[in-house]
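# Per-entry structural report
What follows is the residue order along each chain.
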Amino acid sequence: MSIRVLIAGWFSFEQMGATAGDFFARDLLCDWLKGASIPFEIAVAKPFSGGVDWQEVNPAEYSHVVFVCGPFGNGWPITEFLPRFVDARLIGVNLSMLEALEVWNPFDLLLERDSSRFARPDLCFLSQQPKVPVVGKVLVHPQTEYGTRAMHAVANEAVERLLGKREVATVPIDTRLDENNSNLRSPREVESLIARMDLVVTTRLHGTVLSLKNGVPVLAIDPIAGGAKIKRQAETIGWPIVFAADHLSETALDAAFDFCLSEEAKLEAHSCATRANALLHNVREKFLSGFEVNHTSTID
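Residues numbered from 1 in each chain as written. Predicted model: local features only at pLDDT ≥ 70, side-chain atom pairs only at ≥ 80, totals over all residues. Heavy atoms only, no water.

Once that is clear, we can look at the sheet that holds strand S9 (residues 218-222). Within a beta sheet, neighbouring strands are joined by backbone hydrogen bonds and run either parallel or antiparallel to one another. Pairing is parallel in the open sheet, where five strands are placed in the order S7-S6-S8-S9-S10. Each of the sheet's edge strands pairs with one partner strand only, and the pair in question is strand S7 (169-172) and strand S10 (242-244). Adjacent strand axes in the sheet meet at a mean angle of 20° when their direction is disregarded. Both S9 and S10 contribute to a ladder of three bridges, which runs parallel. Residue pairing for S10: aspartate 222 is matched across the bridge by alanine 244. Here helix H5 (residues 205-213) sits on the sheet in contact with strand S6 (134-138), strand S8 (199-202) and S9, set at roughly 160° to S9. (Pairing = 2+ DSSP bridges. Helix = DSSP H or I, 4+ residues; strand = E, 2+ residues; numbered from the N terminus. Axes fitted to C-alpha atoms, helices over the stretch in contact; angles between N-to-C directions. Contact = heavy atoms within 4.5 Å.)

The structure is reproduced here in structure tokens:
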């Protein structure tokens, strides 16, 4: 019989808590098999796709079955899975064996992560997957003071669509502190999180300001028809990536998103922060002058 491998793991069973680590280890083994020109298939279960159902395949087609990553014990569904492939050579990789090997070890070859006899580093250390952008999502709550001009739902839905079609690590960030939906408790926590993003997509004024202050490019959508405080702020400091909710284009948003991930955008964000500080250079003095005894009222 020629070699043909079935790769299984906790991603092969519904509701078994498959993690990112399971997939990193699985994909590493796939790369090794491809490099060795060894044919294989992956057993997957909902909600995952791109493989086969281990309950429907013909077990006789596989010379080897590999179970990769995670805790592994002599209970369901393993007690149903193993008997189905009893004629295949069974290999275990990156597993934490829950029972002592002297008591139970079903593998012909076991390269465990840890067991009663041995421990080695997790295979994720060898995984070389490219990183994806980390994008802060800062959405505004409805602001009734803008009346019929308010288009918060339109703006926020545009953000969700924009992020939904990209592989990015989205981090919800709530700037509101009386009731915070992202477990942030202070202004410093909010700003520290924003400052660590690669890009921020926002419908909030301070999502825009705190991003640019820290040199983080921001795709800002003003949720008010025609634009209001966000658009005015961006124009004041010279930040070009701002949209009004009633003038949104999927094509323009896509292009803006791509630009915000560029080095040019990072440089422009830093320039905006410098420009903003320059424009605010005399506000302190003007504020304090209001407390002078002979102060003359002025409007600038």
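Having seen it, we continue.
Close contact between H5 and helix H6 (residues 229-237) brings their axes to 9 Å; oriented N to C, the two are set at 25°. Our classification of the angle between H5 and H6 gives roughly parallel. Note on packing geometry: the crossing formed by H5 with H6 is right-handed. Here Leu205, Thr208, Val209 and Leu212 of H5 lie close against H6, whose contacting residues are Lys229, Ile230, Gln233 and Ile237. When grouped by side-chain class, the residues that make up the contact of H5 with H6 number five nonpolar, two polar and one charged. (Parallel < 35°, antiparallel > 145°, perpendicular 65-115°, else oblique. Left-handed = near helix turned anticlockwise from the far one by under 90°. Nonpolar A, V, L, I, M, F, W, Y, C, P; charged D, E, K, R; others polar.)

Those residues of H5 that fall on the buried side of the exposure criterion are Leu205, Gly207, Thr208, Leu210, Ser211 and Leu212. Where H5 is buried, its residues touch S6, helix H4 (187-195), S8, S9, H6 and helix H8 (263-279). Directly beyond the C-terminal end of H5, a positive phi value near 75° is found at glycine 215. (Buried < 20%, exposed > 50% of the residue type's maximum accessible area, 1.4 Å probe, protein only.)

Tracing the sequence through the fold places serine 96 in strand S4 (residues 89-97). Taking the relative accessible area as the measure of exposure, serine 96 reaches 13% and is therefore buried. The residues contacting serine 96, other than those within four sequence positions of it, are Gly70, Pro71, Phe72, Arg113 and Asp114.

With that out of the way, let us pick up the nonpolar core. Across soluble globular proteins, nonpolar side chains show a tendency to be buried alongside one another. By size, the foremost hydrophobic cluster in this structure holds 39 residues, and its most contacted members are Val201, Leu219, Trp239 and Phe257. For this core, the leading source of residues is helix H3 (residues 152-164), giving five residues. Beyond its immediate sequence surroundings of up to four residues, valine 201 is in contact with Val135, Gly136, Lys137, Val138, Val159, Leu162, Leu163, Leu219 and Phe257. The next biggest cluster of nonpolar side chains, apart from the first, holds 24 residues, and it includes Ala43, Phe72, Ile78 and Leu82. (Core = buried A, V, L, I, M, F, W, Y, C linked by side-chain atoms within 4.5 Å.)

Side-chain pairs of opposite charge can arise whenever the charged atoms involved come near each other. A complete count under the given rule lists 19 salt bridges for this structure. Between glutamate 112 and arginine 120 there is a salt bridge, with its nearest N and O atoms 3.8 Å apart. For glutamate 112, a relative accessible area of 1% translates into the label buried. Taking relative accessible area as the criterion, arginine 120 reaches 31% and is therefore assigned partly exposed. Glutamate 268 is the partner of arginine 275 in a salt bridge, and the nearest nitrogen-oxygen pair spans 4.0 Å. Judged by its relative accessible area of 25%, glutamate 268 is partly exposed. Among the charged side chains, a network of salt bridges with common partners joins Arg161, Lys165, Arg166, Glu250, Asp254 and Asp258. (Salt bridge = Lys/Arg side-chain N within 4 Å of Asp/Glu carboxyl O.)

Before going further, it helps to spend a moment on the pairing of S4. Side-chain direction in a regular strand flips from residue to residue, so the side chains alternate between the two faces of the sheet. Burial within S4 is extensive, with eight of its nine residues counted as buried. Of the pairings in the sheet, the one linking strand S3 (residues 64-72) to S4 comprises eight bridges and is parallel in character. Looking across to S4, one finds that proline 71 is bridged to serine 96. Crossover S3 to S4 through helix H2 (residues 78-84) is right-handed. Strand direction decides the pairing type here: S4 and strand S5 (residues 109-111), joined by three bridges, are parallel. Directly across from valine 93, in S5, lies its bridge partner leucine 111. (Right-handed = clockwise from strand over helix to strand, strands pointing away.)

With respect to the helices and strands, the residue serine 63 is situated in the loop between strand S2 (40-42) and S3. Judged by relative accessible area, which is 12%, serine 63 ranks as buried. Of the polar contacts made by the side chain of serine 63, one reaches the side chain of histidine 64; its length is 2.7 Å. In this structure serine 63 touches Met1, Ser2, Ile3, Arg4, Ala88 and Arg89, once residues within four positions along its chain are discounted. (Polar contact = N/O pair within 3.5 Å; in protein donor to acceptor, adjacent residues only side chain to side chain.)

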